[in-house]
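# Topology and contacts: notes
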Amino acid sequence: MMNHFMVLAVLLPLRTCYTTYSQQESLVFPVTYLNISKDLALQQLLVEWDVGKPAHDTELSMSFEIQVRRADVNTTVWTEFHNVTLDKSGKPLHWIWNSDLPLECMSHLVRIRSKVEASKIWSQWSSWKTVLGLDTSNNSGPQIFPSDKIVEEGSDITLCCIGRRGRLIEKFFLDSADYVFSHTNSQLGLLTVKNVARRGMPHIMVFCQESCNEAQCRDNAVLFVGKQPDKPNDFSCQTQDMRTVTCTWSQGGDTYLYGPRSPKYTLFEEFSQKLVPCTVNCSKQCSCSWDRGKQRMWNVTVTVENPLGKKTALDTFDVTHRIYPAAPFQLWEESTDTKITLYWKLRSKGIELFCQAEVLHPDGKVELHNISDTLLHYPKITLSGLQPYTEYTARVRCAAAKHFWRWSEWSKARTIRTKEAPPSGRLDIWREITPVPGGQNVTLFWKQAPDFRANGRSISYEVTWKKVEDDAEAESISFSSVYNSTRISIDNHSYRISIKAKNDVNYSLPSALIIPRATGTEPEVSRSELKEERVNGTDDGIFISWEPRHQYDSYIIDWCNYPMLQPCDLQWKRFGPNTSSALINSAAFVPGVRYNFHIYGSVSSRASLLEKKTGYLRELPPLLDPFVEKVDLTFDAVTLSWDCYPTNESQTGFVRGYHVYVSPIKQNCSLKGSRKHVLPDDSVLCKYTIENPEEKRYTVKSLLSNTKYRLAVKAYTGGGETPIANFIYIDTPFNSNMLYLLVLVVIIPSLIAAICVLKMKWVKECCCPIIPSPNKSKVLSFKEFKTGPEKILKLNDCVPDVLAVDNNAKAQKLHPWSQLSSMATEDKIDGHSSSWIYTNDNEETDFTPTHTSQAHTSFENFAYSSHLAVESDRYQRPETLDASRPELSLGLYHPHYYFDIFNEDAASTPRETAGRKGSLRYISQTAVHCLGRRL
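Report on the accompanying structure. Please read all numbers here as calculations on a predicted model, not as lab measurements. (Residues numbered from 1 in each chain as written. Predicted model: local features only at pLDDT ≥ 70, side-chain atom pairs only at ≥ 80, totals over all residues. Heavy atoms only, no water.)

## Focus on the pairing of strand S24 (residues 309-318)
We apply this condition: By this definition, two strands are paired if DSSP reports at least two bridges between them. Secondary structure follows DSSP: runs of H or I at least 4 residues long count as helices, runs of E at least 2 residues long count as strands, and numbering of each begins at the N terminus.
Both strand S23 (residues 297-306) and S24 contribute to a ladder of ten bridges, which runs antiparallel. From the neighbouring strand, Met297 faces S24, where its bridge partner is Asp318. Remark: two residues form the turn of the hairpin made by S23 and S24, two consecutive strands paired antiparallel.

Here it is, written out as structure tokens:
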């Protein structure tokens, strides 16, 4: 379809008559003839006109101005300048205008004027020429234009609805599009749709209704929305057999136009100027084939067209350079255990081809093999270096050898299996030794090593064992392929155990190991003697390292995939002599399980245990918290014990130690020596760390008495610890020491003070008795004894009249001297120390101990008190004085003034006196006590 507003001018030369060029500038050639017609299918106005005849036959360049106007519009809707060179033919001129409004909707008017191109003077306008629309007719009902029109998706379109005379277009709309509805007059309605879209439907319904409800008052139309066809891509032509040419191309996107509106393909050959006689077939790809005849060079154009537009593609080629062979067919083979010879057939006879075979290996590897000798009756290729009893997949393709164009399609793939051969490589063998009474149980394990190949349909295993020291007959047993372990019992001798695989062809090479003599220090027994080292896990496995020893030719590491099960699925790996570390990984490894690894050194098939390792792929927090079995409480401390908590392989990580948490229930904890631990509820605990996992007792000190506490004990591993969920609650007892201190400091002094207040008089008489005035003594009435304010009583002048010993108990009560003898033997008065026990100056002092007791009575006046000291032995210790309290003693009045109150006539012997149980009664000369104290 022509583009909107596209102008097509058809020039028919007119006979003209010219004089000179200078005269031409003044000439005016008005339009003498104007005719307008319309093409409703293409919505085009066809304008035809003519001008007067020039005077000369010289060609003349002219310009024409053309204007188009619609009947109901007062302004010009289109103006265009059209330049034409006139010749002497004198034929009318033509111009085509594409209308954006259907020509049926209203009448169109056209006028034209002209001028010589070099001149500035225009001719007069021609009269308006009218082409009538259907708006002037009397229809039987409303009509929509255009109807059944194909509209390109994304374009704009204007529709009109023409009603009957005297009727108003009330509604004019689309069912699923944005539109603008307007009136030119009551009989004509215009509808403009912008950016037409499919909206999931291949068409759009348009409705129009006049201002009435009868059936003749309505009309509808259909607009088909589609796309222009895509340009044919990958357009190329080739031949398979040099007889038939085939062109192929891609179909392109959907145009959404079907049936008679769907795209149409045509092929045209430019050299012969003929349509190519072929039928286009389009499925996933379009193709068209025809007999080439004898033509070698071709220039083929393919055109695809639908009502919205058309596209073309071109291919020029030499048919001998466009050979596209047919795919090889009927493949077959001949094979051995390591070779395959592949044969096939070709349809392209007489064409020199170059072929290629593709071989797919079981491991996914692809190999390509080229074959140039294809002129044989049956082309072939030999594939060597293959594995026995292994499936391979092969296919073949070919191409022209001289002028390579493209490969043919691949032949059908063929799967081929090579023949059987004896097993290659050795089995990987390992053992586990268990000492038993009288011998050993050997559990033998085997697996196929990476370099081992069965090379056969079925396989079995044969285990043989024989003593090393003698030539005893070997024992053997066979197993099917489903077994990978067995247990054999041997005595305490050294044995050589071997295993080999067998298929239908032959045996593999044997794998052997030596079981050492049982001496009570077997490798399995010596495991407990080695220290177990911890190893760390990573995201990829558990890293194991060991100290290399130069005497070993290989190293073996074994472990259990499932340590807690029986059997534990024993695994092992071998390493070369220059290896000292390995990353052990297994699909069975999971976090939280402890795996034990044993590292062996092997030389001459003899293995020795070198090191032991243990570790986790990843440590997890302990599953169980320590169970506190015992809680010992004091008023300021608590001791927790959890003796039965395990730290072995049952844990989900290595127990590194314990955390003890403590806090008062209603407040946060701030105990000295602890760290703060914040719970999710923002409460704070005191945290103590025990870094020794074997230490299962801890004492928390500095607690407050009579306080409620919550405690928790958590074990931690390299994976941390679980959140605190349960607490132990305790109440610290009351501090009784504080009560004692309170009694001593507060209560007792208070009681004493109260007693003193209540018994003040008695206390005063006991502690501070009233001292009689010496002036009242008759002795002191003499003037010679008075010196100034002091009055001094001389002891020599105060001699008792009578000193009697009274056994009466009342006398003891009246004179409590004997009771005072139990007091301390020394007292400090005025800063001086005075002894209460003195010896008589009139007697010889004898420090030699004697069995004879001597009694002395001494008096000394201290604060009006009398004391009686009894001395039975002058070397007697002070604590023994109490026992001699009732005995008679020598009375002394003062350390410097004493007298013997006994004489030879009146006194008894000392022994008699000491044995007498009585007390002294002092009778003074006057009825007044005699004191010798300073007043």
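## What to know about the sheet that holds strand S51 (residues 697-700)
What counts, and what does not: In this analysis, axes come from line fits to C-alpha atoms, helices being fitted only over the stretch in contact, and the angle between any two N-to-C directions falls in the range 0 to 180 degrees.
Taken together, three strands build an open sheet; the order of strands is S46-S47-S51 and the sheet is antiparallel. The sheet is open, and its two borders are formed by strand S46 (630-633) and S51, each paired with just one other strand. Pairwise comparison of adjacent strand axes, ignoring direction, gives a mean angle of 15° for this sheet.

## Things to note about the side chain of Lys612
For clarity, the threshold we go by: Summary of the burial criterion: residues with accessible area below 20% of their type's maximum are buried, those above 50% are exposed, and those between are partly exposed, where the area comes from a 1.4 Å probe applied to protein chains only. In this charge count, Lys and Arg are treated as positive and Asp and Glu as negative; neither His nor the chain ends contribute. When a carboxyl oxygen of Asp or Glu lies within 4 Å of a side-chain nitrogen of Lys or Arg, that pair is called a salt bridge. We call two N or O atoms a polar contact when they sit within 3.5 Å, provided that within protein one can donate a hydrogen and the other can accept it, with sequence-adjacent residues counted only if both atoms are side-chain atoms.
As for its placement among the helices and strands, Lys612 is situated in strand S45 (residues 606-616). Although Lys612 is buried, it makes no salt bridge; Glu532 carries the closest opposite charge, 5.1 Å away. Only 3.5 Å separates the side chain of Lys612 from the backbone oxygen of Leu530, close enough to count as a polar contact.

## Here we look at the state of the cysteines
The criterion, for reference: Note that a disulfide, as used here, is simply two cysteine sulfur atoms within 2.5 Å.
Tallying each qualifying case throughout the model produces nine disulfides. Here Cys212 engages in a disulfide with Cys217; their sulfurs sit 1.6 Å apart. Given an S-S torsion of about -120°, the disulfide between Cys212 and Cys217 has left-handed geometry. The disulfide bridge from Cys237 ends at Cys247, spanning 1.8 Å between sulfur atoms. Taking the sign of the S-S torsion, 105° for the link of Cys237 and Cys247, the bridge is right-handed. With a gap of ten residues between them, Cys237 in strand S17 (residues 233-239) and Cys247 in strand S18 (residues 244-250) connect regions that are remote in the sequence.

## Considering the pattern of salt bridges
Pairing between side chains becomes possible if they bear opposite charge and their charged atoms approach one another. Enumeration over the complete set of coordinates arrives at 22 salt bridges. Residues Arg457 and Glu420 are paired through a salt bridge, measuring 3.5 Å at the closest nitrogen-oxygen approach. Taken together, the positions of Arg457 in the loop between strand S33 (439-448) and strand S34 (460-467) and Glu420 in the loop between strand S31 (414-417) and strand S32 (427-436) put the pair 37 residues apart, joining distant regions of the chain. Given a relative accessible area of 59%, Arg457 falls into the exposed group. In this structure, the salt-bridge partner of Lys613 is Glu611, at a minimum N-O distance of 3.0 Å. Of the two residues, Lys613 and Glu611, neither departs from the other in class, the shared state being buried.

## A closer look at the pairing of strand S30 (residues 391-400)
The element S30 is largely enclosed, with a buried count of seven among its ten residues. Note: strand S27 (residues 353-360) against S30, eight bridges, orientation antiparallel. Bridge pairing in S30 places Ala357 opposite Val396. In this sheet, S31 lies alongside S30 in antiparallel orientation, the contact comprising four bridges. Counted as the bridge partner of Ala394 is Arg414 from S31.

## Observations concerning the environment of Lys380
Keep this limit in mind: Only heavy atoms enter the contact rule, under which two residues are in contact if any of them lie within 4.5 Å.
Along the chain, Lys380 falls in strand S29 (residues 380-383). As a C-alpha pair, Lys380 and Leu331 span 49 residues in sequence and 9.5 Å in three-dimensional space. Leave out the neighbours within four places in its chain, and Lys380 touches Thr341, Leu342, Tyr343, Trp344 and Ile371.

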